[in-house]
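Understanding the architecture of this molecule
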Amino acid sequence: MKKPNNPFLISGYQGSSYFCDRKEETQSLINALKNGRNVTLLSLRRMGKTGLIKHVFEQIKSKKIKLIYVDLLHTTDQAGLVKEFAKATINQMSLGAMKTSIQKIAQLFSGLRPSFTVDPLSGVPSVEISIQKGQNGVRTLEETFRLLEKNPTPVIVAFDEFQIITSYPEKNTEALLRGHIQHLNNVHFIFSGSQKHVLSSMFADARRPFYQSTQFLGLDPIPSKEYHAFITNHFKNEGLTIEKEEIEFILNWTCQHTFYIQYFCNRLFDLRKADTKTTVYHAVVKIFEENETVFTNYRTLLTSQQAQLLTSVAKEGWVVKPTSKEFLTKHRLTSSTVQRTLPALVQKEFLTLEKEGYRVYDVFLGRWLAENY
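We now turn to the structure provided with this report. (Residues numbered from 1 in each chain as written. Predicted model: local features only at pLDDT ≥ 70, side-chain atom pairs only at ≥ 80, totals over all residues. Heavy atoms only, no water.)

**Considerations on the packing of aromatic side chains**
Two descriptors summarise a pair of aromatic rings, namely the distance from one centre to the other and the angle between the planes of the rings. Scanning all chains against the criterion turns up 34 aromatic pairs. With a centroid separation of 5.2 Å and an interplanar angle of 40°, the aromatic rings of F191 and F203 are classed as tilted. Of this pair, F191 sits in strand β6 (residues 187–193) while F203 sits in helix α7 (residues 196–204); the two residues are twelve residues apart in sequence, bridging distant segments of the chain. According to the relative accessible area criterion, F191 is buried, its value standing at 1%. On the basis of relative accessibility, which here comes to 1%, the residue F203 falls in the buried class. Residues F295 and W368 carry aromatic rings whose centres are separated by 5.6 Å and whose planes lie at 50° to one another, so their mutual orientation is tilted. (Phe/Tyr/Trp six-rings, centres within 6.5 Å; stacked < 30°, edge-to-face > 60°. Helix = DSSP H or I, 4+ residues; strand = E, 2+ residues; numbered from the N terminus. Buried < 20%, exposed > 50% of the residue type's maximum accessible area, 1.4 Å probe, protein only.)

Structure representation (structure tokens):
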């Protein structure tokens, strides 16, 4: 892979050199899949689930395993799921030359309409697919699973943001998928998602189709020791220095949340290449400047009481008991206000509940609120 201009990636995967730690989780995921166990992978958003999946795929890629990644984030119904699943499957299957591929797709998937297109910018040819008019995709879903099961080598399918299927207008999606998956022997699955309570319910509720059908794997923050070494080495490799105290500030300021660590380090690395005297506080200012318009708009989406509670939590960092007398008195809140607004802020993902208590979900937003209000 081509070396990135900035070693602190905030999107995509470019090899193990730019992937921090997760050794235990990587091995756990590989062991489960090798031994025929499907896995439910859950954590907060932007904690590194997709990166871990891509990293695991990189570790086990070979001609003996087919690896299929399906992002369901932007799907809104069963037809969208079927299209993304079929497209990802087709992209990983060896169907011959472009013209031959279109013919094979038409033969294998009776409900799909394949077409040959050329990217107007890159000139790269590709096959696009769409669900044929009058088809709901159920037959195509069955045909996709059948194709994967017949593959001569094992197949691993990763469904990212899998909890999205619970919002589809078709309420039988879980049962439909489970009905196919439970009969497969050659195909194993990773079900990944960031709405932990929704995903947990899907696989831990005895009334749901996927009950007890997977091994659970959660992602906690990467240990400070590992990130210290990762950050130090990448600055050093570019002839730049970063002090231990600066790294400790970054990890604390970002609540050791993977995306925010990567973004902060990406910004600091960029600034320090231009001026080696740049401090972490310069990076903080830049982050606030770049996000101020968005953060201000966030506040307009909330009622005054919701904004007050959100800001109060931001100032505390973590709040274990939001209805405690101490917290209410300090921030001039009432118990009834907190009880009414807290669930709404959690549902809208402005707040999240973790082991340490409640905190603002968007770490940068929390720091900005604490600094400015």
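**Looking at the environment of L365**
Counting through the fold element by element, L365 comes out in helix α15 (residues 363–372). Contact partners of L365, with chain neighbours within four places excluded, come to F295, Y298, L310, F350 and V360. (Contact = heavy atoms within 4.5 Å.)

**Overview of the packing of helix α5 (residues 138–150) against helix α6 (residues 173–181)**
Where α5 contacts α6, the two axes come as close as 10 Å, and the packing angle between them is 30°. Judged by the angle between their axes, α5 and α6 are roughly parallel. Here α5 runs over α6; the crossing is right-handed. Along its contact with α5, which presents V138, L141, E142 and F145, the element α6 presents L176, L177, H180 and I181. Here the contact of α5 with α6 is composed, by residue class, of six nonpolar, one polar and one charged. (Axes fitted to C-alpha atoms, helices over the stretch in contact; angles between N-to-C directions. Parallel < 35°, antiparallel > 145°, perpendicular 65-115°, else oblique. Left-handed = near helix turned anticlockwise from the far one by under 90°. Nonpolar A, V, L, I, M, F, W, Y, C, P; charged D, E, K, R; others polar.)

**Regarding unusual backbone geometry**
Positioned with a positive phi, C255 is a non-glycine residue whose angle comes to about 55°. Relative to the elements of secondary structure, C255 occurs in the loop between α9 (244–253) and α10 (258–274). Classification of C255 as partly exposed rests on a relative accessible area of 24%. One non-glycine residue, E349, lies in positive phi territory at about 65°.

**A closer look at the state of the cysteines**
According to the stated counting rule, one finds zero disulfides in the structure shown. Residue C255 stays outside any disulfide, its sulfur separated by 14 Å from that of C265, the closest cysteine. Lacking any disulfide linkage, C265 is separated from the closest cysteine sulfur, that of C20, by 9.6 Å. (Disulfide = S-S within 2.5 Å.)

**Description of the sheet that holds strand β2 (residues 66–71)**
An order of β2-β5-β6-β1-β7 is seen for the five strands of this open sheet, with the pairing classed as parallel. Both outer strands of the open sheet, β2 and β7 (215–218), are each paired with one neighbouring strand and no more. The average angle at which neighbouring strand axes cross in this sheet is 20°, direction not considered. The sheet contact formed by strand β1 (residues 39–42) and β6 spans four bridges and is parallel. Paired with V39 across the strands is I190, a residue of β6. Its contacts with the sheet place α5 against β2, β5 (155–160) and β6, and it is angled at close to 125° to β6. (Pairing = 2+ DSSP bridges.)

**Focus on the pairing of β6**
Of all seven residues that make up β6, seven are buried, and the element is covered over most of its length. The alternating pattern of β6 places V187, F189, F191 and G193 and H188, I190 and S192 on opposite faces, both of which are buried. In terms of strand pairing, β5 meets β6 through five bridges, oriented parallel. What sits directly across from V155, in β6, is V187. Note that the unit made of β5, α6 and β6 has a crossover that is right-handed. (Right-handed = clockwise from strand over helix to strand, strands pointing away.)

**Remarks on helix α1 (residues 23–34)**
Side chains three or four residues apart in an α-helix point the same way, a direct result of the helix having 3.6 residues per turn. Between its terminal C-alpha atoms α1 stretches 16 Å, which fits the 16 Å expected from twelve residues at 1.5 Å a residue. Taken residue by residue, α1 has E25, T26, L29, I30, A32 and L33 as its buried positions. What you see down the axis of α1 is that its buried residues fit within an arc of 165°, all on one side. The exposed residues of α1 that point more than 90 degrees off its buried face are K23, E24 and K34. On the buried face of α1, the contacting elements are β1, α2 (49–60), β5, β6 and β7. (Expected span 1.5 Å × (residues − 1). Arc of directions from axis to C-beta.)

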